[in-house]
Every structure is written in C-alpha cells, then in structure tokens.
Amino acid sequence: MMEIKTGFILIDKPLGLSSHGVVNYLRRVSGLKRIGHAGTLDPLASGLMILAVGREYTKQLGKLIKLDKEYQADIYLGATSPSYDREQEVIPSYNGQRLKKTQIKQAVLNYSGPIEQRPPIFSAKKIQGQRAYRLARRAEAFTPKTQTINIYEIKITSYRWPHLKIRVKCSSGTYIRSLAHDLGQTLGTGAYLYDLKRTKINGFSLKKAIKLKKIQAKNLNKYLKNSL
C-alpha cells in the first residue's frame, strides 16, 4: 500500500457537502485521522478551502484561519429565510416595484469598511457553550452578539431582478449570509443568500485548487505541499 505523505492541499469544495464532509473524504482516502481545515464553508457554498494533513501541518492552521477572504455571492431580493440562505424555508417578503440598480448601489455603500455584523442564528457560533444552530433548531430564543468585521471591497458584478451578484473582499469572520440579509433590510425588500463561492483566501486562489472528486489514494501525494 502506498505511503501517504503529509502537507497542505487546496480543495475546491463542491456544493452540498459540509466542510466536515471534506475532511472525512480526505480521511477515507488517506487513511489518516489528523486532518483539519482553515475556515468553514457552509454546505450550500462552494469554493476554496485550505486543508492540512498530518499533525505537523494541522498545528499551523491557527495562523491561516484569520486570513482575509474573497467571495462571489448571488443574493436573491424580495424574500427572506431564517438561515439567511436556501437551507431553511424561503418566505416572500416584497411585492413592490423592481429596484433600480442606482438604488442598490446606494445601499451597498453602507457595507464598506469596518462594520458591526450579527451572525445568523443558524451558525456554528457558540452561545453559552452550545452551537447556535442547535439552539435555533430547538426554537430556543437567543440573539447572537454583533462582531466587528471589515469589508475591504464590495462590488456589484451583475443585477437582474431578483438576483444581485456581488464580489466581496473581507476579513475573516464575515458572514456573507448576514451581509445578504442586512442588505435586504436596508433596501426594504428582504433578501437571502442564493449562492456563494469562495474564490480567494489571502493570496491563495481557487484557480489553484483541486476538485475534491479528483483526489484518490493513488494521486493524493502529488497534490500535498510542504508549504503554501
């Protein structure tokens, strides 16, 4: 049996799979348990993840988790969701006229620079020692604390009602789901995150990432890197 090396690997996470699912896939392929990642992606998000295989490399993940991120997001205007994305029931919230792009551009200006953001209740944030999403699923009442995040750049890439597509460069800890929800509140239409792709983590690009389904035990070693 081929000996599996250790190292870092850039993965292009597919839609519908959790970040833990990516880790489990690599554990099955490699036969190693000591595998971790530098930042979660929701199941309904795709794109770049940094994975570490082996103790020597997972110990270095702490310095990678706080790196800045870049995303491409598709925001659906005129409806809301308790989870701020398509995971929970989508509820129509607006039956007025379609907004003009100039109106949206003006609203987007509110979401640049350091801002206070409240994480979604359906998130992995810990509330008194428990994951927020577990409390939310039990219908327990709670309000996540706001946190200061930084949006370095937010740019509209296309708009065709009800879909607003944006590119966001932001600090670690930014919830694009919350950004979509908050923007919908500012516009008065409601909104939720329809689709999300992480394209960059600091200087690391999705273009350099490997599709998860391409990775097998026989070729894993060639994708593992001693440094990033």
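Structural data are supplied above this passage.
Residues numbered from 1 in each chain as written. Predicted model: local features only at pLDDT ≥ 70, side-chain atom pairs only at ≥ 80, totals over all residues. Heavy atoms only, no water.

Asker: Break down the overall build of the protein chain for me, citing the residues and quoting the values.
Answerer: A count of helical and extended segments in the protein chain gives seven helices and 14 strands. Computed over its C-alpha atoms, the radius of gyration of the protein chain comes to 19 Å, within 12% of the 17 Å expected for a compact globule of 228 residues. Counting only C-alpha atoms, the protein chain reaches 65 × 40 × 30 Å along its principal axes. When burial is assessed residue by residue, the protein chain has 49% of its 228 residues classed as buried. (Helix = DSSP H or I, 4+ residues; strand = E, 2+ residues; numbered from the N terminus. Rg over C-alpha atoms; globule rule 2.2 N^0.38 Å. Buried < 20%, exposed > 50% of the residue type's maximum accessible area, 1.4 Å probe, protein only.)

Asker: Now, about the packing of aromatic side chains: what can you tell me, with residues and values included?
Answerer: A full pass over the atoms with the stated rule returns four aromatic pairs. Geometry around Tyr194 places Arg86 over its ring, the cationic atom sitting 4.3 Å from the centre. (Phe/Tyr/Trp six-rings, centres within 6.5 Å; stacked < 30°, edge-to-face > 60°. Lys NZ or Arg CZ within 6 Å of the ring centre and 35° of its normal.)

Asker: Before we move on, can you summarise the pattern of salt bridges with the specific residues and values?
Answerer: Side chains that differ in charge, positive against negative, can pair when their charged atoms come close. The tally for this structure, following the rule as stated, stands at four salt bridges. Here Glu153 ties to Arg167 by a salt bridge, and the two come within 3.1 Å at their closest N and O atoms. Taken as a pair, Glu153 in strand E10 (residues 147-160) and Arg167 in strand E11 (residues 163-170) lie far apart in primary sequence, 14 residues in all. Accessibility expressed as a relative area gives 23% for Arg167, which makes it partly exposed. Here Glu153 ties to Lys169 by a salt bridge, and the two come within 4.0 Å at their closest N and O atoms. You can see Glu153 sitting in strand E10 and its partner Lys169 sitting in strand E11, a full 16 residues away along the chain. Residue class for Glu153 comes out partly exposed when judged on its relative accessible area of 28%. According to the relative accessible area criterion, Lys169 is partly exposed, its value standing at 31%. Several salt bridges converge on common partners, so that one network encompasses Glu153, Arg167 and Lys169. (Salt bridge = Lys/Arg side-chain N within 4 Å of Asp/Glu carboxyl O.)

Asker: Any details on the environment of His163? Residues and values, ideally.
Answerer: With respect to the helices, strands and loops of the structure, His163 is situated in strand E11. In the structure, His163 is positioned 30 residues away from Leu193 in sequence and 9.8 Å away in space, judged by C-alpha atoms. Those residues within four positions of His163 in sequence are excluded, and the remaining contacts are Asp74, Ile75, Tyr76, Ser158 and Tyr194. Engagement of the side chain of His163 in a polar contact is seen with the side chain of Asp74, the distance being 3.0 Å. (Contact = heavy atoms within 4.5 Å. Polar contact = N/O pair within 3.5 Å; in protein donor to acceptor, adjacent residues only side chain to side chain.)

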